[in-house]
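Each chain, written out:
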Amino acid sequence: MPRRINQKCVACAQLSAAQARQQHGPSGDGCWDEKRCHRMRSHYRNRRDSNEKRRAIYQQQVMATKADDGVETVSLDVAESSMPYANLYIWREKRKDAPVHAIGATVIHNGQKVLEVKPIHCAGYRRRQLERYVSQKMLPYLTERYGITHFSNEIRLEPIECPIPDCPLKGGFDHLGVGDG
């Protein structure tokens, strides 16, 4: 643990050597020591710069050891154009047996959305009908146009987030006259 800073020495370091000898020498309070005080005064005057310099050297050493951990780091250029990929969006509740509310897709190429298959409501569709829609309608179109043979991600969204404008979940029960009292 480092020594505490002597506030008396800090104040003394701001004085000239002659003033310090007069104030703290034999005619003053008697704490002046010729062997020690010159060095201590220099230390206290240059303390901030010395500490900053020491910290900078330490930081360089730390960074050098982190960089030299035995693992080679390589940065490779990204391919100029990436392959397009498709995401399948499924609006349904989280539970496993929940019915699919709506289904849609997007195609991403070079980080930009280039195609959006409008979502359709799936009320009343059975699992086999949904699979047929995806495998016989969506994927053939995406394969023909972009060479996509499968969906990269299946993203589940809550039915209340359905983007279809005339979605029955958005209107609530207002149109049925429920809750009018």
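Going along each chain's sequence as written, the residues are numbered from 1 onward. Totals for whole chains, interfaces and linings use every residue, but because this is a predicted model, local features are given only for residues with pLDDT of at least 70 and side-chain atom pairs only at 80 or more, for both listing and counting. Each side-chain value is derived from all of the structure's non-hydrogen atoms; neither hydrogens nor water enter the calculation.

Topic: the overall build of the protein chain
Using the following cut-off: Numbering of helices and strands runs from the N terminus, with a helix taken as a DSSP run of H or I at least four residues long and a strand as a DSSP run of E at least two residues long. Buried residues are those whose accessible area, probed at 1.4 Å on protein chains only, stays under 20% of the maximum for their type, while exposed residues exceed 50% and partly exposed ones sit between those limits. Throughout, a residue-residue contact means that at least one pair of heavy atoms, one from each residue, lies within 4.5 Å. Reported accessibility uses the Shrake-Rupley method at a 1.4 Å probe radius. Residues are deemed covered only where the shown protein chains occlude them.
What the protein chain contains, in helices and strands, is 6 helices and 4 strands. The N-to-C order of helical and strand elements in the protein chain reads α-α-α-α-β-β-β-α-β-α. A buried classification covers 24% of the 181 residues belonging to the protein chain. Sequence-distant contacts, at least 24 apart, represent 49% of the contacts inside the protein chain between residues at least 6 apart. Within the structure as shown, the protein chain displays about 14,700 Å² of accessible surface, and the carbon and sulfur contribution to it stands at 51%.

A word on unusual backbone geometry
In this model, asparagine 110 sits at a positive phi of 55°, which is unusual for a non-glycine residue. Within the fold, asparagine 110 resides in the loop between strand 2 (100–109) and strand 3 (112–121). The partly exposed category is assigned to asparagine 110, whose relative accessible area is 42%.

Brief notes about the pairing of strand 1 (residues 85–92)
Threshold: Strands were regarded as paired on the criterion that DSSP finds at least two bridges between them.
Direction of pairing for strand 1 relative to strand 2: antiparallel, over a ladder of 8 bridges. Bridged to arginine 92 within strand 2 is valine 100. In this sheet, strand 4 (residues 153–157) lies alongside strand 1 in parallel orientation, the contact comprising 5 bridges. Within strand 4, the position partnered with leucine 88 by the bridge is glutamate 154.

Observations concerning the pattern of salt bridges
Side chains that carry opposite charge are capable of pairing whenever their charged atoms lie near each other. Threshold: Salt-bridge detection follows one rule: a side-chain nitrogen of Lys or Arg within 4 Å of a carboxyl oxygen of Asp or Glu.
Taken as a whole and assessed by the stated rule, the structure comprises 8 salt bridges. With a closest N to O distance of 3.5 Å, arginine 128 and glutamate 131 form a salt bridge. Residue arginine 128 and its partner glutamate 131 are located together in helix 5 (residues 127–146), separated by 3 residues, close to a single helical turn. Residues joined in a network through salt bridges with shared partners are Glu93, Arg95 and Asp97.

So, the environment of alanine 11
Mapping alanine 11 onto the fold places it in helix 1 (residues 7–13). With relative accessibility at 48%, the residue alanine 11 sits in the partly exposed group. Considered as a pair, alanine 11 and arginine 45 are 34 residues apart in the sequence and their alpha carbons are 9.7 Å apart.

Let's talk about the nonpolar core
Defined as follows: Residue types Ala, Val, Leu, Ile, Met, Phe, Trp, Tyr and Cys, when buried and joined through side-chain atoms within 4.5 Å, form a set referred to as a nonpolar core.
Counting 19 residues, the largest nonpolar core has Ile103, Val107, Val134, Met138, Leu142 and Phe151 as the members making the most contacts within it. Elements supplying a minimum of two residues to this core: strand 1, strand 2, strand 3 and helix 5. It is helix 5 that provides the largest number of residues to this core, a total of 7 residues. Setting aside chain neighbours within four positions, we find leucine 142 in contact with Ala86, Val107, Leu115, Gly147, Ile148 and Phe151. If you look at the next biggest cluster of nonpolar residues, it comprises 5 residues, including Trp91, Ala102, Cys162 and Ile164.

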